[in-house]
Amino acid sequence: MQVERKILLNPGPSTTTDTVKMAQIVPDICPREKEFGQIMDDISHELVRIVHGKDEDYAAVLFCGSGTICIDVALNSLLDKDKKALVVQNGSYSERACEVLRAYGMPHVELKQPIDSPPDISVIEETLRQNEDIGYVYMTHHETGTGLLNPIREVGELAHKYGAYFITDTTSSYAMIPIDLYKDNIDFCMASAQKGIMGMTGLSYVIGRRDIIEKSKDFPVRSYYCNLYLQYHYFETTGQMHFTPPVQTIYAARQAISEYYEEGEEKKWERHQRVMAAIHKGEDEIGLKEALKREVQSGLVSAVRYPEDPNWDFDKIHDYCYERGFTIYPGKIEQKGTFRLCALGAIDDKDIEAFWVVFKEALGQYDVAVPIHYNA
Ligand SMILES: *Cc1c(COP(=O)(O)O)cnc(C)c1O
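Residues numbered from 1 in each chain as written. Predicted model: local features only at pLDDT ≥ 70, side-chain atom pairs only at ≥ 80, totals over all residues. Heavy atoms only, no water.

## A short note on the domain arrangement of the protein chain
Its domain assignment divides the protein chain into domain 1 (22-262) and domain 2 (265-365). Centre-to-centre separation of domain 1 and domain 2, based on C-alpha positions: 28 Å. For the pair domain 1 and domain 2, the summed buried surface comes to about 1900 Å²; carbon and sulfur atoms form 65% of the total. Run the count over domain 1 and domain 2 and you get 0 salt bridges. Across the contact surface, domain 1 and domain 2 share 7 residue pairs in polar contact (both at pLDDT 80 or more). (Domains from an automatic or database assignment. Buried area = accessible area lost by both parts, 1.4 Å probe. Salt bridge = Lys/Arg side-chain N within 4 Å of Asp/Glu carboxyl O. Polar contact = N/O pair within 3.5 Å; in protein donor to acceptor, adjacent residues only side chain to side chain.)

## Here's the deal with helix H8 (residues 228-238)
Working note: α-helix, 3.6 residues per turn, so residues spaced by three or four point in the same direction. Those residues of H8 lying buried are Leu228, Tyr229, Gln231, Tyr232 and Phe235. Projected down its long axis, H8 carries its buried residues within an arc of 165°, all on one side. Buried residues belonging to H8 abut helix H2 (34-50), strand S2 (58-64), helix H3 (68-77), strand S9 (188-192), strand S10 (203-209) and helix H7 (210-215). Between the side-chain oxygen of the N-cap and the backbone nitrogen of Tyr229 there are 3.1 Å, and the N-cap of H8 in question is Asn227. Gly239 lies just past H8 and shows a positive phi near 75°. (Buried < 20%, exposed > 50% of the residue type's maximum accessible area, 1.4 Å probe, protein only. Helix = DSSP H or I, 4+ residues; strand = E, 2+ residues; numbered from the N terminus. Arc of directions from axis to C-beta. Contact = heavy atoms within 4.5 Å.)

## A closer look at unusual backbone geometry
Along the chain, Gly12 connects to Pro13 via a cis peptide bond; the corresponding omega equals -10°. Turning to its location among the elements, Pro13 is positioned in the loop between strand S1 (7-8) and helix H1 (18-22). Following Val370, the chain continues to Pro371 via a peptide bond in cis, the omega torsion being -5°. Within the element layout of this structure, Pro371 appears in the segment after helix H12 (349-365). The backbone of Asp367 shows a phi angle near 55°, a positive value even though the residue is not glycine. Inspection of the secondary structure assignment puts Asp367 in the segment after H12. Judged by its relative accessible area of 56%, Asp367 is exposed.

## Quick word on the packing of aromatic side chains
Applying the stated criterion across every chain yields a total of 17 aromatic pairs. Grouped by ring-pair contacts, the aromatic residues Tyr306, Trp312, Phe314, Phe326, Phe339, Phe355, Trp356 and Phe359 constitute a single cluster. Across from the ring centre of Tyr261, 4.4 Å away, lies the NZ or CZ of Arg49, which sits over that ring. (Phe/Tyr/Trp six-rings, centres within 6.5 Å; stacked < 30°, edge-to-face > 60°. Lys NZ or Arg CZ within 6 Å of the ring centre and 35° of its normal.)

## Things to note about empty space enclosed by the protein
Per the counting criterion, the structure on display carries 3 cavities of 30 Å³ or more. There is about 60 Å³ of room inside the largest cavity. As for the largest cavity, its lining consists of Phe63, Cys64, Ile69, Tyr225, Gln231, Met241, Phe243 and Thr244. Partitioned by chemical class, the residues of the lining of the largest cavity number 6 nonpolar, 2 polar and no charged. (1 Å grid on protein atoms, 1.4 Å probe; cavity = no way out; pocket = protein on both sides within 12 Å on 5 of 7 lines; lining within 4 Å. Points joined across faces, edges and corners; volume = space filled by probe spheres on them. Nonpolar A, V, L, I, M, F, W, Y, C, P; charged D, E, K, R; others polar.)

As structure tokens, then:
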């Protein structure tokens, strides 16, 4: 069976292969069966291996939910009493982390930094020096709203220098940009099956240091459903997720991980970069401008400024492209009109070339001037 192919240029869920889609079609099974527990156990080990972790040091803890569940879990579970969280806030996903901390009423320092350039490391260090009670430093690796890449290795090192754990949200970089837990100074990272591994929505995972998870047993429990230690401990002792897992999504994830290894870490990252090069080339050809300089971009998301043309209407252009199989996505930069073109998923440069043909047609259809017009 073949499924109509759609090119998703939104920042996840991403375009998947037919083999991953079809992997969900399996005989009904009760997820409490040993056979299913084995699949989850295998997947957990593979998820640690993707970021070069050793099983004795790191564990992947699975949750049924979208990526935000991992932000919630990591933040609420890993702060000891009398400690404060430090969030490097330079985009909509780190803003989300602050919202989670506020929702739990947890003490935290929100360190605001510009959203269009990497954070000032010396300011982070100064903040750590002034606040001796920081339990963990939290930073988004790739701020998907803008495409900004943050310096996790340096910030992780700083966190450790001041005796804090380092948690990073790698949801939109994991299994795309090569990550090494040890070299990148990561205690905890997280991701979701519909992004880097190119699986289905509904399965997310926190990957983190076993010794810290064990220690967190004595930290305040702030959530019943979203507690890292409880989920970890349940799986370690019973081989099952505490509550019903997303069964079919897990079959798809198994297939997706196997395709990840078939393609290979380096080859896959090269492909994503090839896709982004094709996105950038098309932008340059018609004069579309981006919100961020290319040298600070992740290589996975391009935030494009809306043309300053009286005929530009994002929804109309979106609909034109959508009807022809290409999905583009609004931006997430406050007060600034942007849309995003992303290099996630099972797509290649040829798909982007085909996209630009359709996008240019759309501009012509609605009389948007090419080269694109900007006032400044
Ligand atoms: C996609 C994403 C998430 C998760 O978002 P959901 O809508 O909950 O899936 C978290 N962090 C980052 C950086 C993301 O790109």
